[in-house]
Amino acid sequence: MQKRTLGNSGLEVSAIGLGCMGLSYGYGPASDKAEAIKLIRAAFDRGVTFFDTAEAYAQGANEELLGEALEPFRNDVVIATKFGFQDGDASKGQDSRPERIREVADAALKRLRTDRIDLFYQHRVDANVPIEEVAGAVKELIQQGKVKHFGMSEAGVESIRRAHAVQPVAALQSEYSMWWRQPEKEILPLLEELGIGFVPFSPLGKGFLTGAIDQNTKFDKSDFRNIVPRFSEENRKANQALVDVLKQIAAGLGATPAQVALAWLLAQKPWIVPIPGTTKLHRLEENCGSAAVELSAENLRSIESALSTISVLGDRYPAHLQQRVGK
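Residues numbered from 1 in each chain as written. Predicted model: local features only at pLDDT ≥ 70, side-chain atom pairs only at ≥ 80, totals over all residues. Heavy atoms only, no water.

- Where an unreviewed UniProt entry is consulted, the chain appears under the name Aldo-keto reductase IolS, with the organism given as Achromobacter piechaudii.

### A closer look at the pattern of salt bridges
Phase 1: All chains considered together, the criterion is met by 28 salt bridges.
Phase 2: In this structure, R113 and E68 form a salt bridge, with 3.7 Å as the shortest nitrogen-oxygen distance. Of the two residues, R113 sits in the loop between helix 3 (98–111) and strand 6 (117–122) while E68 sits in helix 2 (residues 61–70), which places them 45 residues apart along the sequence.
Phase 3: In this structure, R74 and D118 form a salt bridge, with 2.9 Å as the shortest nitrogen-oxygen distance. Placement of the pair is R74 in the loop between helix 2 and strand 5 (78–83) and D118 in strand 6, with a sequence separation of 44 residues.
Phase 4: On the accessibility criterion, D118 (7% relative accessible area) is buried.
Phase 5: Residues joined in a network through salt bridges with shared partners are K33, E68, E71 and R113. (Salt bridge = Lys/Arg side-chain N within 4 Å of Asp/Glu carboxyl O. Helix = DSSP H or I, 4+ residues; strand = E, 2+ residues; numbered from the N terminus. Buried < 20%, exposed > 50% of the residue type's maximum accessible area, 1.4 Å probe, protein only.)

### A word on empty space enclosed by the protein
Phase 1: Enumeration over the complete set of coordinates arrives at one cavity of 30 Å³ or more.
Phase 2: In this structure, the largest cavity spans a volume of roughly 30 Å³.
Phase 3: Lining the largest cavity, in full, are I16, G17, L18, P276, G277, T278, L284, N287 and C288.
Phase 4: For the lining of the largest cavity, the element with the highest residue contribution is helix 10 (residues 281–289), accounting for three residues.
Phase 5: Its residues assigned to classes, the lining of the largest cavity shows five nonpolar, four polar and no charged. (1 Å grid on protein atoms, 1.4 Å probe; cavity = no way out; pocket = protein on both sides within 12 Å on 5 of 7 lines; lining within 4 Å. Points joined across faces, edges and corners; volume = space filled by probe spheres on them. Nonpolar A, V, L, I, M, F, W, Y, C, P; charged D, E, K, R; others polar.)

### Some points on the layout of surface pockets
Phase 1: Looking at the largest pocket, its volume works out to about 1,300 Å³.
Phase 2: Taken together, 47 residues make up the lining of the largest pocket; nearest its centre are M21, Y25, G26, Y27 and K206.
Phase 3: The set of elements that each furnish at least two residues to the lining of the largest pocket consists of helix 10 and helix 12 (319–322).
Phase 4: The class makeup of the residues in the lining of the largest pocket is 22 nonpolar, 17 polar and eight charged.
Phase 5: As a volume, the second largest pocket reaches approximately 280 Å³.

Encoded structure:
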């Protein structure tokens with residue numbers, strides 16, 4: 001698989017990464033541990049070198065899973081994890097106090113079975129801690145060799161600028177896909193200006209852009225999508241129009257809708273690295289294959305033209321979670 005460099009950081013990763021959250025948390029019951037390890041190692045065998053986790057994904061269990069799976073080839077991969085929630089619990093408020101950041105780093109190093117975190121993200125901006133203090137705490141961890149690069153997630157323009165002035169931000173991780181294009185307005189120009197890489201999560205619209213979800217789909221009771229307005233039954237029905245267009249384009253290219261959605265992201269900027277997640281080997285192989293799908297300028301124009309006629313309905317977060325983003 002091709003490699004990409006995240007902005008000016010020098011951090012080189014595979015063009016497609018693997019978001020590991022869903023193996024432990026968020027989309028129904030956790031995967032069987034042996035099967036999850038097999039999937040992570042299968043990703044590595046297919047050229048994936050960029051793996052994403054967080055303390056808040058099942059309160060460290062996802063980090064432990066990743067640590068065990070990647071231990072045999074630790075020096076050949078880039079591991080990203082995150083800090084920023086009270087007690088590592090995403091249902092609680094933010095906690096990015098410097099002393100907490102240091103605690104999380106030390107605990108993550110143990111769980112990940114490693115001596116350094118390649119990319120350490122602030123999971124969400126904490127309104128109670130000046131961003132300069134957060135960046136300063138990570139800067140100290142970098143000086144100590146515990147962390148290699150500093151990242152932010154779902155941060156707004158002002159926070160990114162202020163943090164970057166203290167400790168260069170290597171990457172911003174935020175949602176970005178054909179059905180959530182908000183970052184194009186202010187975030188992408190800022191990242192280009194500052195030389196920061198972009199790591200889109202939910203690049204397949206939390207599974208919707210694969211074409212495998214429709215108005216009749218029933219999610220597990222613990223699936224996060226049950227509380228996402230965009231995934232209400234009526235909005236799923238309305239938003240099918242986007243998937244229909246995607247299917248038409250994919251058929252013309254001999255690819256799948258998911259592959260076109262990922263290839264479209266890769267075509268936006270050379271420093272964009274999407275991290276689709278999956279629990280299934282055939283989906284992993286499909287996602288990896290997207291790196292080989294080349295969209296011509298004409299393809300991109302026709303996609304843009306088609307997307308411009310479609311309005312996606314429903315907020316991407318319920319109100320209480322929407323308050324945490326874009327700060």
